[in-house]
Amino acid sequence: MNALGATSVERRRALELIDAPRALARLHAMQLTPAGSDVKPHIPLPGDLLRAMRQRRGWSLEQTAGQLDISATTLSRWEHSESWPSESQLHALCYLLQAHPQELIALSAGRVHFHAGAQAFPSRQEDMEQLVAQIVNAEVALDRSLADLYFLSLEQRLWGLSQQSEVGRRLLIDAYVCHCRHLLQDARVLDARTPAWHAMHLIGRWDNPNAHWLWLVHAVAKDAAEKRYHPNPSEGIRVLQDWLPLSADTSVHYEAWFLRDIAEYMSLTHSTRAAVETSQRAVDRGLGLGDDRNVWLSHVEVLLNTRHPHQAFEILESHLGVAWQEGDVHMQKVREAQIYARALHGVGRTQEALIWVERAQQLVQVHNLWQVRRQVDALAAQIR
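Quick caveat, the model's predicted, so the values are computed rather than measured.

What counts and what doesn't
- Residues numbered from 1 in each chain as written.
- Predicted model: local features only at pLDDT ≥ 70, side-chain atom pairs only at ≥ 80, totals over all residues.
- Heavy atoms only, no water.
- Axes fitted to C-alpha atoms, helices over the stretch in contact; angles between N-to-C directions.
- Helix = DSSP H or I, 4+ residues; strand = E, 2+ residues; numbered from the N terminus.
- Parallel < 35°, antiparallel > 145°, perpendicular 65-115°, else oblique.
- Left-handed = near helix turned anticlockwise from the far one by under 90°.
- Contact = heavy atoms within 4.5 Å.
- Phe/Tyr/Trp six-rings, centres within 6.5 Å; stacked < 30°, edge-to-face > 60°.
- Buried < 20%, exposed > 50% of the residue type's maximum accessible area, 1.4 Å probe, protein only.
- Core = buried A, V, L, I, M, F, W, Y, C linked by side-chain atoms within 4.5 Å.
- Arc of directions from axis to C-beta.
- Salt bridge = Lys/Arg side-chain N within 4 Å of Asp/Glu carboxyl O.

Visitor: How would you explain the packing of helix α14 (residues 252-266) against helix α15 (residues 272-286) if you had to name every residue and give the values?
Guide: Running from amino to carboxyl end, α14 crosses α15 at an angle of 160°, the nearest separation of the two axes being 8 Å. When the axes of α14 and α15 are compared, the pair comes out roughly antiparallel. At the point where α14 passes α15, the crossing takes the left-handed sense. Residue-level inspection shows V252, E255, A256, L259, R260, I262, A263 and M266 of α14 in contact with α15, the latter providing A274, A275, T278, S279, R281, A282, R285 and G286.

Below, the structure written as structure tokens:
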């Protein structure tokens, strides 16, 4: 390439055609370091899809590797695209992880690229801008079961644009934000951390931010507050309070949302009075913005956490009525079922509470919602 006087674009394209670890290393070295950061988000690769499929099942590296009779190190190298499984190994892994046919097709191109026919995106930048705007505004009907493939393919497609212009960089940020949002809605908090940090590194400083970028702050706070083995609600509160002024300047909707989260995390500490006061402030700011149901559910949760079950149940009866709205994602239904069960149990209506617990357990079982299985089972044991 030196002898031929290849341009940077030609070099990148040539390296992309080489399915080998050293080509990946050189591609990574060629990427620009985002302003305000000393870390480079890596190019989305098929190995990331392997990892997403495993995390979707809730399995560790060791669990998965053991069932394939390979080492965890080998599986880790596949997930980092440093090596790649044979065709038979790839099929065995995809079968084990219950991959969708489209995902198997996408992975068939090797470690560097997703199969071009697995996910088609516009070639013109103007059309891509329109598509990303539709995704941001939830105007694109995504198949949630294939969302991992969709977002990773989209991010890989946008990676080249991000290296060429400010518009391309903001499009990639938007894609990471929407990916993060999807993962949070499926309660995959740990998984959401990766696109959140990739986006933050690309953003650098928060100059002229889009309102929906604040999902990233929400993800970082949630990760800190709800870590499986070392939850730290106080750290989640600190992160949100740091960004609360910006959320207030950006959008009343996001200010109310941050206040709700702060109140919920406070209710998990000893700040009982502050939690209720902050939650009431969130209600005052959040009602009438098109998300009233979640505003009230959050307030009910704070009241339950601070031992005010009768007030919580009164709000459920007077403001929410029948639970589970048409179109709600499974995780939202589980959350509502848990809240109704806790409130009913708190006012002494145990049999009705158990009905809601059973509904939550059925959702967890049918849809393999492993992220909340332990939480639901603990609630069932407490009520019974």
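Visitor: Describe the packing of aromatic side chains, listing the residues and the values that go with them.
Guide: Taken as a whole, this structure holds six aromatic pairs when the rule is applied. Here F121 and Y150 contribute two aromatic rings whose centre-to-centre distance is 5.4 Å and whose plane-to-plane angle is 70°, an arrangement assigned as edge-to-face. On the criterion of sequence distance, the pair formed by F121 in the loop between α7 (101-107) and α8 (125-136) and Y150 in helix α9 (residues 147-162) is long-range, its members being 29 residues apart. Taking relative accessible area as the criterion, Y150 reaches 11% and is therefore assigned buried.

Visitor: Tell me about the side chain of E103, residues and numbers included.
Guide: Within the element layout of this structure, E103 appears in helix α7. Sequence-distant contacts of E103, that is, excluding residues within four places in its chain, are made with L49, M53, R56, S145, L146 and L149.

Visitor: Just give me the short version of the nonpolar core, but keep the residues and values in it.
Guide: Counting 62 residues, the largest nonpolar core has M128, L154, L158, L216 and V217 as its most contacted members. Here the element with the most residues in this core is helix α10 (residues 166-185); it accounts for 10 residues. With sequence-adjacent residues up to four places away left out, L158 is seen in contact with M128, V132, L171, L172 and A175. In this structure, L297, A353, L363 and V372 belong to the second largest nonpolar core, which totals 33 residues.

Visitor: An account of the environment of L216 is requested, with residue identities and associated values reported.
Guide: Its place among the elements puts L216 in helix α12 (residues 215-225). A relative accessible area of 0% means that L216 is categorised as buried. Distance in space between the C-alpha atoms of L216 and Y176 is 9.1 Å, their sequence separation being 40 residues. Residues within four places of L216 in sequence aside, it is in contact with V177, C180, A196, A199, M200 and I203.

Visitor: With reference to specific residues and values, describe unusual backbone geometry.
Guide: Look at A138: it is not a glycine, yet its phi comes out positive at around 60°. Positionally, A138 belongs in the loop between α8 and α9. With a phi angle near 65°, R307 is a residue other than glycine that sits in the positive phi range. With respect to the helices and strands, the residue R307 is situated in the loop between α16 (292-305) and α17 (309-320). A relative accessible area of 75% places R307 in the exposed class.

Visitor: Describe in detail helix α6 (residues 87-96), supporting the description with residues and values.
Guide: Taken as a whole, α6 has its buried residues at L90, L93, C94 and L96. The buried residues of α6 occupy one face: seen down the axis, they fall within an arc of 160°. Exposed residues lying more than 90 degrees from the buried face of α6 are E87, S88 and Y95. Its buried side turned inward, α6 meets α3 (46-57), α4 (61-68), α5 (72-79) and α7. Residue Q98 follows α6 closely and has a positive phi angle near 55°.

Visitor: Could you give an account of the environment of P85, naming the residues involved and the relevant values?
Guide: With respect to the helices and strands, P85 occurs in the loop between α5 and α6. When its relative accessible area of 7% is taken as the criterion, P85 is described as buried. Sequence separation between P85 and K333 is 248 residues, and the spatial gap between their C-alpha atoms is 38 Å. Not counting residues within four places of it along the chain, the set of residues in contact with P85 comprises W78 and L90.

Visitor: I'd like a description of the pattern of salt bridges, backed by residues and values.
Guide: In this structure the tally under the stated criterion is 23 salt bridges. Between R56 and D148 there is a salt bridge whose closest N-O contact spans 3.1 Å. Within this pair, whereas R56 is found in helix α3, its partner D148 is found in helix α9, the two being separated by 92 residues in sequence. The same class applies to R56 as to D148, namely buried. Between R169 and E166 there is a salt bridge; the shortest N-O distance is 2.6 Å. Highlighted residues: R169 and E166, both in helix α10, separated by three residues, approximately one helical turn. A cluster of three or more residues bridged by salt bridges with shared partners is formed by R56, E103, D148, R188 and D191.

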